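As a plain string of letters, each chain reads:
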Amino acid sequence: MNAKNQIQRQETLRQKLHTRGSQLTSQRAAVYDYLSGVKHHPTAEEVFLAVKPKLPRISLATVYKNLETLVKCGAVSKLAYGDASARYDIRTDHHYHTRCLGCGKIWDLDVQEGSELLSHIRPQAGFEVKDYRLELLGYCRECRR
Ligand SMILES: [Zn+2]
Ligand SMILES: [Zn+2]
C-alpha cells in the first residue's frame, strides 16, 4: 500500500465517520489499516493483538467499540456466525466467502457466476428474494495438515 493510497483511504474513512458524527482517531485509523491489509476477515481479538504493538494503551473493549463504529458508518461490514466471534470485513460490496470449519477463518471468494447461479434457483411460490449469500465451507491449508 503506497502512502498516497493510504491518505486517500483515510480521507474517505474520515468522511464516512463524519456522516455519523464520529471522528477519525488514531485508533480507528489503525484498526481500519489492519483490516485493509489482511487477506482474511479477522475477529475483534485478532485486530486487538495486531494493533496493540502500535497502540500499547488500547484495550480489547476499545477495539470492539471502534470496529462497531466503523460498521455503523458503513466503512466495514460485520460477519456474524451464530455463537462464534463476529468477523470484520473491509469490503462492503456484495461478494462471497470461503469459511474454514477448523479455524473459523473467512476469506473472500472471487467468482463472477453468483448472479447467474441464482437465476437457475427457484424458491417456493410466493417467496420474494431480496438478497443471497454464497459461502463455501471446508478446511484451509493449515487445518488440512
Ligand atoms: Zn482453517
Ligand atoms: Zn469478504
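Here the structure is a predicted model, which is why all the values come from computation and not from measurement.

Section: the packing of aromatic side chains
Logical step 1: Inspection of the entire model under this criterion finds one aromatic pair.
Logical step 2: Centre to centre, the rings of Tyr96 and Tyr132 are 6.2 Å apart; their planes meet at 40 degrees, and the pair counts as tilted. With Tyr96 in strand E3 (residues 96-100) and Tyr132 in the loop between helix H5 (114-118) and strand E5 (135-138), the pair connects residues that are 36 residues apart, well separated along the chain.

Looking at the packing of helix H1 (residues 3-19) against helix H2 (residues 26-37)
In helix packing, the relevant descriptors are the interaxial angle and the interaxial distance, both defined with respect to the helix axes.
Logical step 1: One can describe the packing of H1 onto H2 by two numbers: an axis separation of 11 Å at closest approach and a directional angle of 120 degrees. With respect to their mutual orientation, H1 and H2 come out oblique. In this structure, H1 meets H2 at a crossing whose hand is right-handed. Residue-level contacts link Gln6, Arg9, Gln10, Leu13 and Leu17 of H1 to Arg28, Ala29, Tyr32, Asp33 and Ser36 of H2.

Focus on the pairing of E3
Logical step 1: Where E3 and strand E4 (residues 106-109) come together, four bridges link them in antiparallel fashion. Bridge pairing links Arg99 to Ile106 in E4.
Logical step 2: Between E3 and the antiparallel strand that follows it, E4, lie five residues; Gly104 among them carries a positive phi value of about 85 degrees.
Logical step 3: Across four bridges, E3 lies against E5 in parallel orientation.

Focus: the coordination of the zinc ion (ligand 2)
Logical step 1: The protein atoms donating to the zinc ion (ligand 2) are His41 (NE2), Asp89 (OD), His95 (NE2), His97 (NE2) and Asp108 (OD), with metal-donor distances spanning 2.0 to 2.1 Å.
Logical step 2: All donors of the zinc ion (ligand 2) come from a single chain, and their spacing in sequence reads H-x47-D-x5-H-x1-H-x10-D. With His97 in strand E3 and Asp108 in strand E4, this pair connects stretches of sequence that are eleven residues apart.
Logical step 3: Classification of His97 by relative accessible area gives buried; the value is 7%.
Logical step 4: Classification of Asp108 as partly exposed rests on a relative accessible area of 25%.

Quick notes on the packing of helix H3 (residues 44-51) against helix H4 (residues 60-72)
Logical step 1: For the pair H3 and H4, interaxial distance at closest approach is 9 Å and the crossing angle is 115 degrees. Judged by the angle between their axes, H3 and H4 are roughly perpendicular. Where H3 crosses over H4, the two elements pack in a sense that is right-handed. Across the interface between the two elements, Ala44, Glu45, Val47, Phe48 and Val51 of H3 pack against Leu60, Val63, Tyr64 and Leu67 of H4.
Logical step 2: For the contact of H3 with H4, the residue count by class is eight nonpolar, no polar and one charged.

So, the side chain of Arg87
Logical step 1: Examined against the element boundaries, Arg87 turns out to sit in strand E2 (residues 84-89).
Logical step 2: Engagement of the side chain of Arg87 in a polar contact is seen with the side chain of Glu46, the distance being 3.3 Å.

Quick notes on the domain arrangement of the chain
You'll often see interface size given as the accessible area lost when the parts meet.
Logical step 1: Domain boundaries assigned for the chain yield domain 1 (3-89) and domain 2 (96-144).
Logical step 2: For domain 1 versus domain 2, the separation of C-alpha centres amounts to 24 Å.
Logical step 3: At the interface, eight residues of domain 1 touch nine residues of domain 2.
Logical step 4: Carbon and sulfur atoms make up 54% of the surface buried where domain 1 meets domain 2, a total of about 700 Å² over both sides.
Logical step 5: Summed over the shared surface of domain 1 and domain 2, the number is zero salt bridges.
Logical step 6: Our count for the contact surface shared by domain 1 and domain 2 stands at six residue pairs in polar contact (both at pLDDT 80 or more).
Logical step 7: Those elements giving two or more residues to the side of domain 1 that touches domain 2 turn out to be strand E1 (77-81) and E2.
Logical step 8: Considered class by class, the residues forming the side of domain 1 that touches domain 2 number two nonpolar, two polar and four charged.

What counts and what doesn't
Residues numbered from 1 in each chain as written. Chains lettered and ligands numbered in written order. Predicted model: local features only at pLDDT ≥ 70, side-chain atom pairs only at ≥ 80, totals over all residues. Heavy atoms only, no water. Phe/Tyr/Trp six-rings, centres within 6.5 Å; stacked < 30°, edge-to-face > 60°. Helix = DSSP H or I, 4+ residues; strand = E, 2+ residues; numbered from the N terminus. Axes fitted to C-alpha atoms, helices over the stretch in contact; angles between N-to-C directions. Parallel < 35°, antiparallel > 145°, perpendicular 65-115°, else oblique. Left-handed = near helix turned anticlockwise from the far one by under 90°. Contact = heavy atoms within 4.5 Å. Pairing = 2+ DSSP bridges. Donors = N, O, S within 2.8 Å, 3.2 Å for Na, K, Ca; no water. Buried < 20%, exposed > 50% of the residue type's maximum accessible area, 1.4 Å probe, protein only. Nonpolar A, V, L, I, M, F, W, Y, C, P; charged D, E, K, R; others polar. Polar contact = N/O pair within 3.5 Å; in protein donor to acceptor, adjacent residues only side chain to side chain. Domains from an automatic or database assignment. Buried area = accessible area lost by both parts, 1.4 Å probe. Salt bridge = Lys/Arg side-chain N within 4 Å of Asp/Glu carboxyl O.

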